[in-house]
Amino acid sequence: MNSVKKKRISVFDVINILIMIFVVVITLYPFLYLTALSMSSEKYVYAGEITFYPKGFTLGTYKVLLKDNYFWTSYRNTIIYTVLGTLISLTLTVLLAYPLSKKNLKGRGIFLGFILFTMFFNGGLIPTYLLVSRMLQMRNTIWAVIIPGAISTYNVLVTKTFFEGIPDELEEAASIDGMNTYGILVRIVLPLSKPILATMSLFYAVGIWNNWFGPFIYLDDKKLFPVSLYLRNIIAGAQKAREVVGGDVEGFGDIEATIKSASMVVSALPIIMVYPFVQKYFVRGIMIGSLKG
Amino acid sequence: MESRVEVQNAKGIAAKAKVGRSKQLWKAIKKDWQLYTLLLLPLVHYFIFRYIPMYGVIIAFRRYQPGGPVYGSEWVGLRYFQMFFRDQGFWRAFRNNIILSVEYLVISFPFPIIFALLLNELKNLKFKKFVQTVSYLPHFISTVIVVGMIKEILSPSVGVVNMILKDLTGRTIDFVSEPGWFRTIYITSGIWQQLGWNSIIYLAALSGINPELYEAARIDGANRFQQMRYVTIPGIMPTVMVLLILNIGSLMAVGFEKILLLYNPQTYETADVISTFLYRMGLTMNNYSYGAAVGLFESLIGVLLLTTANYLSRKFTDSSLW
């Protein structure tokens, strides 16, 4: 009786499933729409006929986009910034989180207060801008993109919480065997912390990949632009999509909408492709963070 | 006599304690010096990139001269504060900021809760997992792309929304250039971006509810809605309260980057907020002191809100930030 009752699908279940399908469709639709725009010929785009799938299928827009040297340069820059930036951020985060995870470290409270205060109050945009561009002369260098925001206090706290969960006995045993702190960190603690290192790497990598504002205020040199800034300039119209195409390409007419869509698709693609495989790490990150809070 | 001895003794003990403390400190440093060396680099980073800009706020009280000291030289007191207090543009941004923040919080806050509750009712776990995975995706898409999508979808010449509108009414609306539409666009896209991601914390709270409570409710003859009403909702209420208070604490912090990408001079009327106003004054017009003054004012409001929220949190829930 009971099992029959459990298996019965009520009206509520049906409505609920329909709502969920609606959420999925709404979430995915903009991606689908962009992809459809980017693969349609402009004739149909300007007739307003694109809703779900491409019409007059063509990869011409992508060919045009991929011919633009600045697109490739910016894509390469983004990869360099992301890899280097993630490494630096991860290193600094571990260096800070590990000692702070030691409950009996003298001065721990002071150091914690020192970093927590920055979550509460900060100098703001203008003083930071003046520091980076005037005082440190980092303008138009890769460092302006990577260094100023390298450490996220929130990520430090999450990592610290994870380190606190590693049993002390392992480290004590290693210490008795004559291993020093650096050895313990590198050979004992870090191998046990792969999940959190993966999570933090992903948080930082997505942040740097998507960052456009830092590059926007600190970089003038087009050769240093990351793809996010390239995209921002196309979308904001600062760099006309037409310029990308060049005046010599014929038969494309006004392809602003298609070139914009294509560049958005290409720059979101790595995240969309990697995302399903790594999303559990993101969720884990937020869970560790919330357990603490 | 006696009391003097006592005093001396006390002094001696204090001195000993002092020696003991510095000895202890020395011992701690000797024992843990390697841990301290690890801290060095990150702390220097905090000092340079967080604390020097805090000192740099002083530029709000000084006049900046090109070629002069980075954080200004001539002390002008509250001159720049008086300037922006008299600036209509500032008050417009201030008002817009409050309206947008409050509307966003009130409208968007219930969505992840409802979504988590509905997800929790799904019986097919594979389907549930699928919906969850899809719903988190927008959180990872850059603001640039989100705004690009908005502009394409709402475009008056090619966008799908206007094409449907044209079929129905024969007219098109240039949504992103209409001040009346800005808040709707900002809030709707914000819900789209954060619905799934913000539901994670509620799902965690839901999975923490003791299954025996449901069992007991069932034995008492509670149907699914009654179970939701009397077990599930009370079960996640503490989480809801904490998040509400946290959100109040960061109320004024609107999506600066999103607005910067989404607004244009035609929509400043509703779209310009404190942070974007500050950005234009400070960095576009190079009026650093003016911008820093507005920034300091914004930070102080932030601190005030956070303190209030923390006070409320301590009063009404078990948790607080400090």
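Everything numeric in this text was worked out from a predicted model, so none of it was measured.

### Points about the overall build of chain A
Now for step 1: In terms of regular secondary structure, chain A is built from 16 helices and zero strands.
Now for step 2: For chain A, the proportion of its 293 residues judged to be buried stands at 37%.

### Focus on the interface of chain A and chain B
Now for step 1: Counting residues at the interface gives 72 residues for chain A and 66 residues for chain B.
Now for step 2: Counting residues per element, the side of chain A that touches chain B draws most heavily on helix α16 (residues 256–292) of chain A, at 14 residues.

### Details of the domain arrangement of chain A
By convention, interface size is frequently given as the accessible area that disappears when the constituent parts associate.
Now for step 1: Each assigned domain of chain A is listed with its residue range as follows: domain 1 (10–58) and domain 2 (62–292).
Now for step 2: Between the C-alpha centres of domain 1 of chain A and domain 2 of chain A there is a distance of 31 Å.

### As for the domain arrangement of chain B
Residue and element names in this part refer to chain B.
Now for step 1: According to the domain assignment, chain B contains domain 1 (2–75) and domain 2 (79–316).
Now for step 2: Taking only C-alpha atoms into account, the centre of domain 1 sits 40 Å from that of domain 2.
Now for step 3: The interface is formed by seven residues belonging to domain 1 together with six residues belonging to domain 2.
Now for step 4: Each residue belonging to the side of domain 1 that touches domain 2 can be placed in one class, and the counts come to four nonpolar, one polar and two charged.

### So, the environment of Val-158 of chain A
Residues and elements named next belong to chain A.
Now for step 1: By secondary structure assignment, the location of Val-158 is in helix α9 (residues 153–164).
Now for step 2: A count of 26 C-beta atoms within 10 Å places Val-158 in the buried class.
Now for step 3: With 75 residues separating them along the chain, Val-158 and Val-83 place their C-alpha atoms 21 Å apart.

### Side note on the packing of helix α7 (residues 125–135) of chain A against helix α13 (residues 274–284) of chain B
Now for step 1: In the contact formed by α7 of chain A and α13 of chain B, the axes pass within 10 Å of each other and the chain directions differ by 30°. It follows that α7 of chain A is roughly parallel to α13 of chain B by the angle criterion. When the axes of α7 of chain A and α13 of chain B are compared, the crossing they make is right-handed. Taken together, the residues of α13 of chain B that come into contact with α7 of chain A (itself represented by Leu-125, Ile-126 and Tyr-129 of chain A) are Leu-278, Tyr-279, Gly-282 and Leu-283 of chain B.

### Focus: the nonpolar core
Now for step 1: Counting residues in each nonpolar core, the largest one holds 114 residues, and the members touching the most others are Ile-59, Ala-60, Leu-262, Phe-277, Ala-292, Ala-293 and Val-294 of chain B.
Now for step 2: With nine residues, the top contributor of residues to this core is helix α5 (residues 69–100) of chain A.
Now for step 3: When near neighbours in sequence (up to four residues on either side) are disregarded, Ala-292 of chain B contacts Gly-124, Ile-126 and Pro-127 of chain A together with Val-57, Ile-59, Ala-60 and Gly-282 of chain B.
Now for step 4: Of all hydrophobic cores here, the second largest spans 18 residues; its members include Met-20 of chain A together with Ile-200, Val-242 and Leu-306 of chain B.

### As for unusual backbone geometry
Now for step 1: Phi at Asn-140 of chain A is positive, roughly 55°, even though this residue is not glycine.
Now for step 2: If you trace the backbone, Asn-140 of chain A turns up in the loop between α7 and α8 (142–146).
Now for step 3: Look at Asn-286 of chain B: it is not a glycine, yet its phi comes out positive at around 55°.
Now for step 4: Mapped onto the secondary structure, Asn-286 of chain B falls in the loop between α13 and α14 (288–316).

### Considering the packing of helix α4 (residues 110–121) of chain B against helix α8 (residues 179–207) of chain B
All names here are of chain B.
Now for step 1: The interhelical angle for the contact between α4 and α8, taken along N-to-C directions, is 55°, at an axis separation of 7 Å. On the basis of the axis angle, α4 is oblique to α8. You can see that α4 and α8 cross each other, and the crossing is right-handed. On the side of α4, the interface is formed by Phe-111, Pro-112, Ile-113, Phe-115, Ala-116, Leu-119 and Asn-120, while α8 contributes Ile-191, Leu-195, Asn-198, Ser-199, Tyr-202, Leu-203 and Leu-206.

### Here's the deal with α13 of chain B
Now for step 1: For α13 of chain B, a buried count of eight out of eleven residues is recorded, marking the element as mostly surrounded by other parts of the structure.
Now for step 2: Buried within α13 of chain B we find Ile-274, Ser-275, Thr-276, Phe-277, Leu-278, Tyr-279, Met-281 and Gly-282 of chain B.
Now for step 3: Buried positions along α13 of chain B lie against α7 of chain A together with α3 (88–108), α11 (256–262) and α14 of chain B.
Now for step 4: Of the residues one or two after α13 of chain B, Asn-286 of chain B is the one with positive phi, at around 55°.

### Describing the confidence of the model for chain A
Residue and element names in this part refer to chain A.
Now for step 1: On average, residues of chain A score 87 in pLDDT, and 90% of them are at 70 or above.
Now for step 2: The low-confidence segment residues 1–5, where pLDDT is below 50, has zero contacts with residues more than four positions distant or belonging to other chains.
Now for step 3: Between residues 246–254, whose pLDDT stays under 50, and residues either more than four places distant or in other chains, the model counts six contacts.

### Digging into the confidence of the model for chain B
Now for step 1: Predicted confidence across chain B gives a mean pLDDT of 89, with 93% of residues reaching 70 or more.
Now for step 2: What the predictor reports for the complex is a pTM of 0.88 with an ipTM of 0.88.

The rules behind these values
Residues numbered from 1 in each chain as written. Chains lettered and ligands numbered in written order. Predicted model: local features only at pLDDT ≥ 70, side-chain atom pairs only at ≥ 80, totals over all residues. Helix = DSSP H or I, 4+ residues; strand = E, 2+ residues; numbered from the N terminus. Buried ≥ 20, exposed ≤ 12 C-beta atoms within 10 Å, placed from the backbone. Contact = placed C-beta atoms within 7 Å. Domains from an automatic or database assignment. Nonpolar A, V, L, I, M, F, W, Y, C, P; charged D, E, K, R; others polar. Axes fitted to C-alpha atoms, helices over the stretch in contact; angles between N-to-C directions. Parallel < 35°, antiparallel > 145°, perpendicular 65-115°, else oblique. Left-handed = near helix turned anticlockwise from the far one by under 90°. Core = buried A, V, L, I, M, F, W, Y, C linked by C-beta atoms within 7 Å. pLDDT = per-residue confidence, 0-100.

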